[in-house]
There are 2 protein chains.
Amino acid sequence: MSTTTPHIPDPVLDLSGERFTAVYRLTAPTEAEARELAENAAVEQTVEFPLALVPRGDIRQQIVARVEAFAPAAPGPHGPAWEATLSFAVEAAGTELTQLLNMFLGNTSMTPGVRLERFDLPRALTKHFPGPRFGQAGLRERLGVPDKPLLCSALKPLGLSAQDLADMAYEMALGGIDIIKDDHGLTDQRFAPFSERVARCVEAVARANRETGGRSIYMPHVTAPADRQLDRAREAARLGAGGVLYSPGLGGFDAMRQLAADDAVGIPIMSHPALLGSFLTSGHSGLSHHALFGQLMRLAGADASVYPNYGGRFATAFTRDDCRDIAAGCTVDMGTVKPAFPTPGGGLTLDRVPDAYELYGEDVIFLIGGGLFTRGPDLADNCRYFRGLIGRE
Amino acid sequence: MSTTTPHIPDPVLDLSGERFTAVYRLTAPTEAEARELAENAAVEQTVEFPLALVPRGDIRQQIVARVEAFAPAAPGPHGPAWEATLSFAVEAAGTELTQLLNMFLGNTSMTPGVRLERFDLPRALTKHFPGPRFGQAGLRERLGVPDKPLLCSALKPLGLSAQDLADMAYEMALGGIDIIKDDHGLTDQRFAPFSERVARCVEAVARANRETGGRSIYMPHVTAPADRQLDRAREAARLGAGGVLYSPGLGGFDAMRQLAADDAVGIPIMSHPALLGSFLTSGHSGLSHHALFGQLMRLAGADASVYPNYGGRFATAFTRDDCRDIAAGCTVDMGTVKPAFPTPGGGLTLDRVPDAYELYGEDVIFLIGGGLFTRGPDLADNCRYFRGLIGRE
């Protein structure tokens, strides 16, 4: 080869042989084209180099991803589709979630027709990504709700003062909402500064708990500039917040892992889908609902994963089947990574709760925001009605 | 209103009245549906609350985004389209890039048919986001190349040792490549650990520079876990790297802003598109090429923005017009935010350079990776040929 192209070394890599796998859906007019998409992804996601020039030793044999399986899949709205399973050397991802994301879909995110469906990681990788600190069981224990769905609502609209939001939190806690979270548009705006908001909302929820004997918690939104995010989450914990809301689309997936791993934070994390819709609006590329709002959120440390429920104002991109897939991704066996709560919101209304209860079963957090305001004049009473819908009196 | 719904306070917000604007492309079958998409986005991106319940004072008048303009646009592959300009109170974004991203497209990323085309920020916001530290002029000065395109190549394939990569960097610098960057798959894998790799590549490029009198630089990839990213970039600078490569899709946009703002980093930043393709593969949602690889990369501090050139292996999602739009986004007037270099790569080959030169003109960085290996056996000579193509002898 060295007579026509520059010499590329052929190192012996001493790899463990352990591999992780990712399943991709390939949408293409023909099987041959779908297979080509899979084979190109195997190269693109690893060596990103003309395969003919890659030496035949360990780089070609172990670093280049392998197409382990290839089979027809059910056709979708964009035409015929196939599924391919690719395997990767664990040492290529190393110990970093950023690089694992890169291997899942880095360059291939720019190739229409390739969608990451799901993945399977060996212990050699999950040991670096502990996932949710609490998971479903741990969050239930903290909230003192051993069974039945948990209830969540959001403090809004943007523009209210810290005290206005705290007053609203008080009513919600009085009405028995388990998790009262910030709207994800709340950060540190001057009309409701972070520290003041957290202090007032924590106090308001604690006051309501004293009156009801309940164990409601407040979760402030802690997504922030990179240099302030961890401090904001630690401050929330110090001020007595029962958890934090975080938007990995805005602040990064690995930064959520960092929050989950940090002992000075040490409280549950709920993830928000802001900016992440683009991974699935094409329908043929990016990430599946299952991978994005299920597996990936868990891997990055979310105890609960918020996404829009079917039938609401985001119905085009979230069908009932999509939501079922998310719930499956929140609980599918991932070894040491605990199950997270699917948390359907985004237009969920009181009248849709019974059907949603039937779909999701017990292990779900129902998130209703604006919909709690339209039933009647008494917010706490609307919340009690919400509790009644799932049989929690 | 309080007789049928809970009371929502109506605070006086004392806002400056300064607003920023974002232009959205709305793809829908009819004008009425497109207008509804725009009006829904105005609510969704701000108060995320039933508009009928939002009090009529400052929240309704100033916090809810305003649809300032609405007009037909050229139809696209997904049907008829319109363009709407929305304006937002600067105080709603506050001083945080994470929240600005949220206001641009947070929840609306989950609504197919709404794409952010471009944006315009007043000084009240750009003062918080200084953008590229060097920009086009500053990078040219550091490299000693006052005109004509700059040349870039990448060290790969993944699996080579630090010394192998350094040997390759030496050849490239000898051949006159201005910027020799890591492949974005290189992080801190044990076969080419970060510190060793940076030290060896910096040394190799310096040695070549001494022989040629050139001023080539090495840019290691510094995307890393959230708690190590800044340190890695600082270490790169300390070890003598001439810049860093960073992937905001993997590590977050605001973390790039942090790198650009950090005096202990203080070297140019090249952004990589890994994982970001999903923002544009739908063609009707997410972000435009102009906004994503032009304006947003600059706002977040990139001196050069890598993306796949038209005609290469990512041609489906990157047409010649898309690439022209990216170049425009890299240089369009953004007040105090300096212009960045469009850096087309991803399948750019030597034979396509002349056409690309015609499209982009002088102010561009041409990135050829694998394509430099297929011309002949001498890598340095292939690099010299690349220089010759743009008239730099």
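Up top is the structure these notes are about.
Residue positions are given per chain, counting from 1 as you read along its sequence in written order. All chains are assigned letters beginning with A, and all ligands numbers beginning with 1, in the order in which they are written. Where totals are concerned, whole chains, interfaces and linings use all residues; where local detail is concerned, this predicted model gives features only for residues with pLDDT of at least 70, and gives and counts side-chain atom pairs only at 80 or more. Remark: hydrogens and water are excluded; side-chain values derive from all non-hydrogen atoms of the structure.

Let us now look at the overall build of chain A. Scanning chain A from N- to C-terminus turns up 15 helices and 13 strands. Against the compact-globule benchmark of 21 Å for 393 residues, chain A has a radius of gyration of 23 Å, which places it among compact chains. Its C-alpha atoms give chain A principal-axis dimensions of roughly 80 × 40 × 35 Å. Per-residue accessibility, obtained with a 1.4 Å probe over protein chains only, is compared with the maximum for each type, and a residue is labelled buried under 20%, exposed over 50%, and partly exposed between these values. Every one of the 393 residues in chain A was classed for burial, and the buried ones make up 67%. Pairs at least 24 apart in sequence give 75% of the contacts found in chain A among residues at least 6 apart. Positive residues here are Lys and Arg, negative ones are Asp and Glu, while His and the chain termini are left out of the count. Charge placement uses NZ in Lys and CZ in Arg. For Asp and Glu, CG and CD serve respectively. Here chain A holds 37 positive side-chain charges and 47 negative ones, and the gap between their average locations is 4 Å. Strands are runs of DSSP state E lasting at least 2 residues, helices are runs of H or I lasting at least 4, and numbering of each runs from the N terminus. Two things to know: the radius of gyration comes from C-alpha atoms, and the globule rule equals 2.2 Å times the number of residues to the power 0.38. Note on definitions: a residue-residue contact is assigned when non-hydrogen atoms from the two residues lie within 4.5 Å.

Cis geometry marks the peptide bond from Lys156 of chain A to Pro157 of chain A; its omega dihedral reads 5°. Along the chain, Pro157 of chain A falls in the loop between β5 (150-155) and α7 (162-174). Here the phi dihedral of Leu275 of chain A falls at roughly 75°; this positive angle occurs in a residue that is not glycine. Along the polypeptide, Leu275 of chain A turns up in the loop between β9 (269-271) and β10 (286-287). Even without being glycine, Lys148 of chain B reaches a positive phi, approximately 65°. Structurally, Lys148 of chain B can be placed in the loop between α6 (135-143) and β5 (150-155).

Right, let's talk about the packing of helix α13 (residues 320-331) of chain B against helix α14 (residues 353-360) of chain B for a bit. All names here are of chain B. Orientation is described by lines fitted to C-alpha atoms, with helices fitted over the stretch in contact, and by angles between N-to-C directions that extend from 0 to 180 degrees. It is the contact of α13 with α14, at a shortest axis distance of 10 Å, that shows an interaxial angle of 50°. What the angle tells us is that α13 and α14 run oblique. For the crossing formed where α13 meets α14, the hand is right-handed. Here α13 contributes Arg320, Cys323, Arg324 and Ala327 to the contact with α14, which in turn contributes Asp355, Leu359 and Tyr360. Working definition: roughly parallel below 35 degrees, roughly antiparallel above 145 degrees, roughly perpendicular at 65 to 115 degrees, and oblique for all remaining angles. Helix crossings fall into two classes, left-handed where the near helix is turned counterclockwise from the far one by less than a right angle and right-handed where it is turned clockwise.

Further remarks concern the packing of aromatic side chains. Residue and element names in this part refer to chain B. Pairing of aromatic side chains here covers Phe, Tyr and the six-membered ring of Trp, requires ring centres within 6.5 Å, and sorts the geometry by plane angle: under 30 degrees stacked, over 60 edge-to-face, intermediate tilted. Throughout the structure, instances matching the rule amount to 17 aromatic pairs over all chains. Ring centres of Phe293 and Phe318 lie 5.9 Å apart, and the angle between their planes is 45°; this geometry places the pair in the tilted category. Here Phe318 lies in the loop between β11 (304-308) and α13 and Phe293 lies in helix α12 (residues 289-299), a separation of 25 residues in the sequence. With respect to class, Phe293 is no different from Phe318; both count as buried.

Before going further, it helps to spend a moment on the interface of chain B and chain A. Contacts between chain B and chain A engage 92 residues on the former and 91 residues on the latter. Summed over both partners, the accessible area lost on bringing two parts together, with a 1.4 Å probe, is the buried area. Of the roughly 7500 Å² buried at the junction of chain B and chain A (both faces included), carbon and sulfur atoms supply 62%. On the chain B side of the interface with chain A, the three residues burying the most area are Glu96, Met110 and Leu275 of chain B, jointly 10% of the side's total. Salt bridge, as used here: a side-chain nitrogen of Lys or Arg that lies within 4 Å of a carboxyl oxygen of Asp or Glu. The tally of links between chain B and chain A comes to 11 salt bridges. Any pair of nitrogen or oxygen atoms within 3.5 Å is treated as a polar contact; in protein, a donor-acceptor pairing is required on top of that, and neighbouring residues in sequence qualify only through side-chain atoms on both sides. Seen at the junction of chain B and chain A, the total is 32 residue pairs in polar contact (both at pLDDT 80 or more). Listing elements by their share of the side of chain B that touches chain A, those giving two or more residues are α2 (58-63), α3 (90-93), α4 (97-105), α7 (162-174), α10 (248-251), α11 (253-261) and α15 (379-389) of chain B. No other element matches α4 of chain B, which puts 5 residues into the side of chain B that touches chain A. Under the convention adopted here, Pro, Cys and the residues Ala, Val, Leu, Ile, Met, Phe, Trp and Tyr are nonpolar, Asp, Glu, Lys and Arg are charged, and Gly plus all remaining residues are polar. Split by residue class, the side of chain B that touches chain A holds 39 nonpolar, 35 polar and 18 charged.

Bringing the relation of the copies chain B and chain A into the picture now. Overlay of chain B on chain A (RMSD 0.0 Å): rotation 180°, translation along the axis 0.0 Å. The symmetry that links the two subunits is that of a two-fold axis. Closest approach to the rotation axis within chain B is made by the C-alpha atom of Ser282 of chain B, at a distance of 2.0 Å. Interface overlap between copies is the fraction of interface residues in one copy that are interface residues in the other; for chain B against chain A it reaches 99%, indicating a shared surface. Least squares is the method used to superpose the copies, on C-alpha atoms of residues holding a pLDDT of at least 70 in both.

All names here are of chain B. When DSSP finds two or more bridges between a pair of strands, those strands are recorded as paired. Strand order in the open sheet formed by 4 strands is β7-β6-β5-β13, and the pairing between neighbours is parallel. Each having just a single partner strand, β7 (217-219) and β13 (365-367) make up the two edges of the open sheet. Each strand axis lies, on average, 25° off the axis of its neighbour in the sheet, ignoring direction. Inspection of the sheet shows β5 paired to strand β6 (residues 179-182) by 4 bridges, in the parallel sense. From the neighbouring strand, Ser153 faces β6, where its bridge partner is Ile180. Strand contacts of α6: β5, β6, β7 and β13, with the helix running at about 80° to β5, the strand carrying the most contacts.

It is worth spelling out the nonpolar core at this point. Counting residues in each nonpolar core, the largest one holds 251 residues, and the members touching the most others are Phe366 of chain A together with Phe366 of chain B. Leave out the neighbours within four places in its chain, and Phe366 of chain A touches Pro149, Leu150, Leu151, Cys152, Pro344, Leu348, Val353, Ala356, Tyr357, Tyr360, Phe386 and Ile390 of chain A. Each nonpolar core is a collection of buried residues, namely Ala, Val, Leu, Ile, Met, Phe, Trp, Tyr and Cys, held together in the definition by side-chain atoms within 4.5 Å.

Our focus in this paragraph is the pairing of strand β3 (residues 79-89) of chain A. Residue and element names in this part refer to chain A. Within β3, 8 of the 11 residues are buried, which leaves it mostly tucked inside the rest of the structure. Inspection of the sheet shows strand β1 (residues 19-27) paired to β3 by 9 bridges, in the antiparallel sense. In the sheet register, Arg19 faces β3, and the bridge partner there is Ala89. Inspection of the sheet shows strand β2 (residues 66-76) paired to β3 by 8 bridges, in the antiparallel sense. Looking at the pairing, Arg66 lines up with Ser87 of β3. Hairpin connection from β2 to β3: 2 residues lie between these consecutive antiparallel strands.

Applying the stated criterion to the full structure yields 43 salt bridges over all chains. Between Arg232 of chain A and Asp188 of chain A there is a salt bridge whose closest N-O contact spans 3.9 Å. With Arg232 of chain A in helix α9 (residues 229-238) and Asp188 of chain A in the loop between β6 (179-182) and α8 (194-212), this pair connects stretches of sequence that are 44 residues apart. Arg232 of chain A sits in the buried class, given a relative accessible area of 6%. Of the charged contacts in the structure, one is a salt bridge between Arg384 of chain B and Asp381 of chain B, with a shortest N-O distance of 3.9 Å. Taken together, the residues span about one helical turn, with Arg384 of chain B and Asp381 of chain B both in helix α15 at a distance of 3 residues. Given a relative accessible area of 39%, Arg384 of chain B falls into the partly exposed group. Note on Asp381 of chain B: relative accessible area 32%, which makes it partly exposed. Within this structure, Glu44 and Glu48 of chain A together with Lys156 and Arg313 of chain B form a network of salt bridges that share partners.

As for its placement among the helices and strands, Asp167 of chain A is situated in helix α7. In this structure the C-alpha to C-alpha distance between Asp167 of chain A and Arg298 of chain A, which are 131 residues apart in sequence, comes to 32 Å.

Next up on the list: the packing of helix α9 (residues 229-238) of chain B against α11 of chain B. Residue and element names in this part refer to chain B. Two numbers describe how α9 lies on α11: the axes approach to 10 Å, and their chain directions differ by 35°. Both α9 and α11 take part in a crossing whose hand is right-handed. Here α9 contributes Gln229, Leu230 and Ala233 to the contact with α11, which in turn contributes Ala255, Gln258 and Leu259. Residues of the contact of α9 with α11, tallied by class, amount to 4 nonpolar, 2 polar and no charged.

Whenever strands of a sheet pair, they do so through backbone hydrogen bonds, lying parallel or antiparallel. All names here are of chain A. Across the sheet, 4 strands lie side by side as β7-β6-β5-β13; this open sheet has parallel pairing. Strand pairing shows two members of the sheet lacking a second neighbour, β7 (217-219) and β13 (365-367), which therefore form its edges. Each neighbouring strand pair of the sheet contributes to a mean axis angle of 25°, computed without reference to strand direction.

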